[in-house]
Amino acid sequence: MSRPAWILETTDVVKRFGGLTAVNKMSFSMEAGRIYSIIGPNGAGKTTFFNTLSGLYKTEEGSISFEGRRIDGFAPERITTLHMARTFQNIRLFGGMTVVENIMVGAYTRLKQGAVQTVLRTKAFKAEEARAEAKAEELMRYVGLKGVGNELAGSLPYGAQRRVEIARALASEPRLLLLDEPTAGMNPAETEDATSLFRRLRDELGITILLIEHDMRVVMNISERISVMDYGEKIAEGEPREIAANPKVIEAYLGRGAAGGNAAELAAGGAEEAKA
Amino acid sequence: MKANIVRDSLRSFGAFLNRGRTPYIVSAVLLVLGTVLVYVSPRSIPAFLLFAIAAGLSYFLNMRKSVKLALAVLIAVVIVPILGARNIFYLEVIFQIAVFSALALGLNIVVGFSGLLNFGYMAFYAVGAYLWGFFGSQQPFLLHAIPGTVPPGTKFFLAPDWFYIFIFLGVIVAAIIGLVMGLPVLRVRGDYLAVITLGCGEIIRQLANNLDKPLNFTNGPQGITPIQRPSLPKELLAFFNRLFEPLVGHDVTANQFYNIMFYLIAVLVVVVVIVVTYRLEDSKIGRAWAAIREDELAAQAMGIPANKLKLGAFAVGASFAGAMGVLFAASRTFVSPESFTFLQSVGVLTMVILGGIGSIPGVIIGAAVVTILNVQVLQSFSLFLAQLRQSDAVIPIINFHWKDLSNQLDPSKYQRLVFGIILILMMIYRPTGILPAARRKRELSAPDSLDVPGDTGAEDTGAEHAAKKGVDHE
């Protein structure tokens, strides 16, 4: 067995910004081939935690292991090379580049062409470019984009941009995909589509998925395990049903005194929050 | 509304020009006309401008690529040298356009492709120029001499034909200096980077200015001269004269032939620079540069080592300037710190922005427009006014005697002003430049028409592709 049981494992990760501890002693483990979610109120430190995982932030304390290998302190590009990819909460596409180019940028770490090959335009270079382009088109089809390959990414409607971002992440051939609020701003039909896309990514491509999500319907529907963060700490972890019934979680979301509420209320509250 | 009418009529005129055989006829007529006019009256500016426009137009018209290529070779290798031999001044202008095109293309990689401001770009040009300036002159033997003095009998350090090797050395050395100067990009961004590069550029110039002691490397503000030119093969000159004497009308002297030779070398360098730039742009490296320009954080998250690529952009951009610097030193046989001021760096930046930041043909047009504006139009207009001033001509009705025209109104004195006005107007009405950068459209497989009824996107790109390739539908 070369592959470890945990694809991702963090122990006591701490990230501070000045006096503010955004992530506090976060310990979290994830099994390969599963779909996990992290939820929590606004400002709970979810995105900061994502940023430490993908190397954009350096951790102050604790360790992060990916496929059994310590990756805390690695530069983000190195982490991507190790087959971990992510999307951003506020879509960060390369707006002035075409959709195909965006996706081909995602394949950066998988392309072998060097500067000399590029300048000489060798056969190998041309073949690789053609392959990359074909792959990008295939990914576009996979995420449900049609006929927009030559459009500037910034000119696409919101939902399509989300898809491009996922396709771009997929181009880096991830084994672990971090999705930061991937359905934010989508209407119910788009959300439905996106959710089934995430399932396909896992079922067909075998990609492990970690979501940050506000839409409780999405979270409850798709996640196999949920971790709840509040004030930078993990306050609960478990299966969707357990989480929905957990008084600490309900308190974090609805405030003190609401702990008597039930799962339905929590789900409704979450959905409203996502809409707002 | 008005702008729309203008744009529409321009577009329909463009469509007319591109129909069927029209582009071939139009460019042939214009080229012949321009060539003949310049040939007959080598000193006429309108004739030269017509020629320049004809040459430029044939690039943009919808013609077969092979025809365009043949035209370009014909113009560059035959027509321009002949016309240039009749009036060396044109050759000088075109030489400068070629030099500045390479510089602008190099800066375009840094500023246009990767989005890193660089206000000290001339430093790399200086590095190339001083590299050959030092090794291609007597300077290595003058390290202990008092600046400005040359003991009699001092030999040149290297044989003149080392020049060709130094073009390549210029590339390498400038690239290394580019890497060093690029180191701040690892820590600094945006405006701060602009200031730092400005400082670095000035440091290089001040080094050139002051490295005449303790050891006299650069001869200080007086500059280094004479710098050797590559040797001139006599047979080549004789061959050129035998071939073109009837056309040129007189025998070309060795000195004049040097101009032709440097022009040809410059064109060769520019062609290499253009090819390299195009190939880099359309590759993993070029896409990574664009990604860094668009959103550095996202680029890093996609696995792009931003620091490495930014340094690479600096090095590649610098290398072009290094090669041209070597050529510049040899063609002038003289280098001094004055040629590498901050204003010159800004000038190259202006060419990039005016032409179309990030756009390869745009940047070349920018270099041509600025150079022609700089050395030709205004100066000859000044000359024209000076002639009027000396004549007894009078403007009727207002009874204005031209000889009363103040010297202060000499247009060449207002070069910077005219420049400034053009830049301001451009930034207001066409901020993306004369020929804005466009992302390459790829030939993607058309979406299934059943899936996407009424989708015209694929057809559009197909038509554009046909147009780009110059396929003639008749």
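Participant: I'd like a description of the overall build of chain B, backed by residues and values.
Facilitator: Helices and strands together make up the secondary structure of chain B, namely 17 helices and two strands. Against the 2.2 N^0.38 benchmark of 23 Å for 474 residues, chain B shows a C-alpha radius of gyration of 25 Å, consistent with a compact globule. By principal-axis analysis of the C-alpha atoms, chain B measures approximately 85 × 65 × 55 Å. A buried classification covers 47% of the 474 residues belonging to chain B. Counting every atom, chain B has about 23300 Å² of accessible surface; 68% of that belongs to carbon and sulfur.

Participant: Summarise the side chain of aspartate 282 of chain B; cite the residues concerned and give the values.
Facilitator: Mapping aspartate 282 of chain B onto the fold places it in the loop between α10 (254–281) and α11 (284–294). For aspartate 282 of chain B, the residues in contact, after removing those within four places along its chain, are Arg121, Phe125 and Glu129 of chain A together with Arg440 and Arg442 of chain B.

Participant: Give a description of the sheet that holds strand β6 (residues 84–86) of chain A that names residues and reports values.
Facilitator: All names here are of chain A. Strand order in the open sheet formed by six strands is β6-β7-β8-β3-β9-β10, and the pairing between neighbours is mixed. The open sheet terminates on both sides in strands that have one partner only, identified here as β6 and β10 (233–238). Shown here is a sheet whose adjacent strand axes are inclined to one another by a mean of 20°, direction ignored. In this sheet, β10 lies alongside strand β9 (residues 225–230) in antiparallel orientation, the contact comprising five bridges. Residue pairing for β10: serine 227 is matched across the bridge by glutamate 237. Against the sheet, helix α1 (residues 46–53) contacts β3 (35–39), β6, β7 (176–180), β8 (208–212) and β9, and its axis sits at roughly 145° relative to β8. Helix α10 (residues 247–254) contacts β3, β9 and β10 of the sheet and is inclined by roughly 130° relative to β10.

Participant: Tell me about the sheet that holds strand β4 (residues 61–66) of chain A, residues and numbers included.
Facilitator: Residues and elements named next belong to chain A. The four strands are arranged β2-β1-β4-β5 in an open sheet whose pairing can be described as antiparallel. Looking at which strands have only one partner, the edges of the open sheet turn out to be β2 (20–31) and β5 (69–70). Inspection of the sheet shows β4 paired to β5 by two bridges, in the antiparallel sense. Bridging from a neighbouring strand, serine 65 pairs with arginine 70 of β5.

Participant: Now, about the confidence of the model for chain A: what can you tell me, with residues and values included?
Facilitator: Taken over all residues, the pLDDT of chain A has a mean of 89, while the share at 70 or more is 91%. For the stretch residues 269–276 of chain A, pLDDT sits under 50, and the model shows nine contacts to residues farther than four places along the chain or on other chains.

Participant: Explain the interface of chain A and chain B to me, using residue names and the numbers behind them.
Facilitator: Taken together, the contacts link 37 residues of chain A with 35 residues of chain B. Interface area for chain A against chain B, summed over the two sides, is near 3500 Å², with a carbon-plus-sulfur share of 60%. By the criterion of area lost to chain B, the three top residues of chain A are Phe94, Tyr108 and Asn150 of chain A, representing 21% of everything that side buries. Between chain A and chain B we count four salt bridges in total. Notably, a salt bridge pairs glutamate 101 of chain A with arginine 439 of chain B, separated by 2.9 Å at the nearest N-O pair.

Participant: Before we move on, can you summarise helix α6 (residues 158–171) of chain A with the specific residues and values?
Facilitator: The terminal C-alpha atoms of α6 of chain A, which comprises 14 residues, lie 20 Å apart, in line with the 20 Å expected from a rise of 1.5 Å per residue. Most of α6 of chain A sits out of view: 13 of its 14 residues are buried.

Participant: How would you sum up the pairing of β3 of chain A? Please name residues and give values.
Facilitator: Residues and elements named next belong to chain A. With five of five residues buried, β3 lies mostly within the body of the structure. In β3, alternate side chains face the same way, and those of Ile35, Ser37 and Ile39 on one face and Tyr36 and Ile38 on the other are all buried. Of the pairings in the sheet, the one linking β3 to β8 comprises four bridges and is parallel in character. Bridge pairing in β8 places tyrosine 36 opposite leucine 210.

Participant: Provide a residue-level description of unusual backbone geometry, including the pertinent values.
Facilitator: Of note, the bond from lysine 213 of chain B into proline 214 of chain B is cis; its omega dihedral lies within 30 degrees of zero at -5°. Within the fold, proline 214 of chain B resides in the loop between α8 (190–210) and α9 (234–248). With an omega of -5°, the peptide bond running from threonine 225 of chain B to proline 226 of chain B counts as cis. Within the element layout of this structure, proline 226 of chain B appears in the loop between α8 and α9. Even without being glycine, glutamate 67 of chain A reaches a positive phi, approximately 50°. Here glutamate 67 of chain A is to be found in the loop between β4 and β5.

Participant: Pulling in residues and values, what's your account of the domain arrangement of chain A?
Facilitator: Residue and element names in this part refer to chain A. Here the domain parsing of chain A yields domain 1 (1–83 + 174–276) and domain 2 (94–172). The C-alpha-based centres of domain 1 and domain 2 are spaced at 27 Å. On the domain 2 side, the residues contacting the 23 residues of domain 1 number 12 residues. A buried area of about 1300 Å², summed over both sides, lies between domain 1 and domain 2, and 63% of it is on carbon and sulfur atoms. It is Thr80, Pro174 and Leu197 that lose the most area in domain 1 upon contact with domain 2, and together they represent 28% of the buried surface on that side. In this assembly, domain 1 and domain 2 are joined by one salt bridge.

Definitions and limits used
Residues numbered from 1 in each chain as written. Chains lettered and ligands numbered in written order. Predicted model: local features only at pLDDT ≥ 70, side-chain atom pairs only at ≥ 80, totals over all residues. Heavy atoms only, no water. Helix = DSSP H or I, 4+ residues; strand = E, 2+ residues; numbered from the N terminus. Rg over C-alpha atoms; globule rule 2.2 N^0.38 Å. Buried < 20%, exposed > 50% of the residue type's maximum accessible area, 1.4 Å probe, protein only. Areas by Shrake-Rupley, 256 points an atom, 1.4 Å probe, with all protein chains shown as cover. Contact = heavy atoms within 4.5 Å. Pairing = 2+ DSSP bridges. Axes fitted to C-alpha atoms, helices over the stretch in contact; angles between N-to-C directions. pLDDT = per-residue confidence, 0-100. Buried area = accessible area lost by both parts, 1.4 Å probe. Salt bridge = Lys/Arg side-chain N within 4 Å of Asp/Glu carboxyl O. Expected span 1.5 Å × (residues − 1). Domains from an automatic or database assignment.

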